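What the coordinates show
Residues per chain, in single letters:
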Amino acid sequence: MIACDLAPAHIRAIAPYQPGKPIDELARELGLDPSGIVKLASNENPLGVSPKAQFAMEEALGSLALYPDGNGHVLKSALMKHWQVDITRIVLGNGSNDVLEMVARAFLQPGCSAVYSQYAFAVYPLAIQATGAQGICVPAIEYGHDLPAMLAAIQTDTRMVFIANPNNPTGTLLSNAELETFLQQVPEQVIVVLDEAYCEYLPENLQPDTLHWLARFPNLVVTRTFSKAFGLAGLRVGYALAQAAVADMMNRVRQPFNVNSLALVAAAAALEDDDFIARSYAANRLGMQQITQGLQLLGLSFIPSYGNFVTFRIGNATAMYRRLLEKGVIVRPIGAYGLPEHLRVSIGLASENHQFLQALESVMEEVK
Ligand SMILES: *Cc1c(COP(=O)(O)O)cnc(C)c1O
């Protein structure tokens, strides 16, 4: 007790991240057959793992007695070739969550502040708070980032701004032009972390320009993940691209072997699996149509989304979430994001989307 009381106040004040409910947990709790449960709660790829990544992991299984390459050379070279960026600009993470924490730990401390948006990804306030820095939450505009307001919120002690684009859980998107204008105006000493976890789900004409901006904006940190479109959420691998000096600072707080051996080879292979990415993109477009049309037919409004999920408005969201669980459908309540009247559903396979819509229709009938 005494030891816990002495933990720093900013640590004691942290409200832990609430992940989506795992299938096995729901099966245990309600005595359901796990094979009948659909999980559309964590924006995972319904197509599974990239086959190229799967093959690479099978090849690497024999070497698990050895430590991974602490420099992650295989993956960094693949990223260097793929994005035409210098290797010194790359920071690898145990998921992009890890690089988000590294950037916070490397640059924030008590007495300084960091800006993020209302309804933005919950990891930002957590990463800020763990350093003892002050979080500044800027009210959203139409569920998305209000960049002019975020710019105006920057104080003399502000060292960082977090932006998710597209944003989770609202699915909103900022244009390249808006972001470029913002970057031009942010003071140099403020690091701008641009989290592009869902960029592979954007159509060609909306793909980010951000990697071209790295040379122009030395305070820019772009983060990407293999958890979403690449189908490797369980493996935990992501990365950041930044100016070499910034990447160097981040690497100083990185655990020596933060990315495991399987993740290194799988991510390198997945990066070149164009066919898998194209299939994931196409399936998501179709599934998004299926779900949004289904929501419309049920008379429910939703926030138009650029990700692989959609957030819809429903009265009694907590009760509806529980009733959906009883029907074997796991979605994500987002009351912790300040959206107690919304639920977020990830885009699944056509059959999973159908099961979700059917379950939703029947629970809506029940409460009528
Ligand atoms: C899912 C997600 C991530 C990725 O997390 P990983 O740690 O890479 O699995 C990062 N940012 C946002 C906004 C996300 O939704």
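Before going into details, it helps to say that this report is about the structure given with it.

Next up on the list: the packing of helix α6 (residues 96–107) against helix α11 (residues 244–252). In the contact formed by α6 and α11, the axes pass within 8 Å of each other and the chain directions differ by 95 degrees. Judged by the angle between their axes, α6 and α11 are roughly perpendicular. Between α6 and α11, the contacting residues are V99, M102, V103, A106 and F107 on the first element and V246, M249 and M250 on the second. The residue inventory of the contact of α6 with α11, partitioned by class, reads eight nonpolar, no polar and no charged.

Looking at the ligand, the residues that line it are G95, S96, N97, F121, N168, D195, A197, Y198, T225, S227, K228 and R236. At a separation of 2.7 Å, an oxygen atom of the ligand approaches a polar side-chain atom of N168. Interatomic distance of 2.6 Å between a side-chain N/O atom of S227 and an oxygen atom of the ligand. When the ligand is considered free in solution it has 390 Å² of accessible area, and contact with the protein chains removes 93% of it. Across the shell around the ligand, the residue classes tally to three nonpolar, six polar and three charged.

Moving on to the sheet that holds strand β8 (residues 238–242). Ordered in space as β2-β8-β7-β6-β5-β3-β4, the seven strands form an open sheet in which the pairing is mixed. Each edge of the open sheet carries a strand with a single partner, namely β2 (90–93) and β4 (134–138). Taking each pair of neighbouring strands and ignoring which way they run, the sheet shows an average axis angle of 20 degrees. Relative to strand β5 (residues 158–164), strand β3 (residues 113–117) is paired through three bridges, and the arrangement is parallel. Bridge pairing in β5 places S113 opposite T158. Of the strands in this sheet, β2, β5, β6 (191–195), β7 (220–225) and β8 touch α6, which is tilted by about 120 degrees from β2.

Ordered by their spatial adjacency, four strands build an open sheet running β9-β10-β13-β12, and the pairing between neighbours is antiparallel. A single partner strand is all that each edge strand has here, and the edge strands are β9 (302–303) and β12 (332–333). Each of β12 and β13 (342–346) is contacted by helix α14 (residues 317–326), which is oriented at about 35 degrees to β13, the strand it contacts most.

Attention now goes to empty space enclosed by the protein. What the rule picks out here adds up to one cavity of 30 Å³ or more. Put simply, the largest cavity is a space of about 60 Å³. Lining the largest cavity are 14 residues, and of these G70, N71, L92, R254 and N258 sit closest to its centre. Counted by class, the lining of the largest cavity contains six nonpolar, five polar and three charged residues.

Viewed as axis vectors pointing N to C, helix α4 (residues 51–60) and helix α12 (residues 261–271) meet at an angle of 150 degrees, and their least axial separation amounts to 8 Å. Between α4 and α12 lies a crossing whose hand is right-handed. On α12, the residues that touch K52, A53, A56, M57 and A60 of α4 are L262, V265, A266, A269 and A270. A per-class count over the contact of α4 with α12 returns nine nonpolar, no polar and one charged.

Conventions used here
- Residues numbered from 1 in each chain as written.
- Predicted model: local features only at pLDDT ≥ 70, side-chain atom pairs only at ≥ 80, totals over all residues.
- Heavy atoms only, no water.
- Axes fitted to C-alpha atoms, helices over the stretch in contact; angles between N-to-C directions.
- Helix = DSSP H or I, 4+ residues; strand = E, 2+ residues; numbered from the N terminus.
- Parallel < 35°, antiparallel > 145°, perpendicular 65-115°, else oblique.
- Contact = heavy atoms within 4.5 Å.
- Nonpolar A, V, L, I, M, F, W, Y, C, P; charged D, E, K, R; others polar.
- Near = heavy atom within 4 Å.
- Polar contact = N/O pair within 3.5 Å; in protein donor to acceptor, adjacent residues only side chain to side chain.
- Areas by Shrake-Rupley, 256 points an atom, 1.4 Å probe, with all protein chains shown as cover.
- Pairing = 2+ DSSP bridges.
- 1 Å grid on protein atoms, 1.4 Å probe; cavity = no way out; pocket = protein on both sides within 12 Å on 5 of 7 lines; lining within 4 Å.
- Points joined across faces, edges and corners; volume = space filled by probe spheres on them.
- Left-handed = near helix turned anticlockwise from the far one by under 90°.

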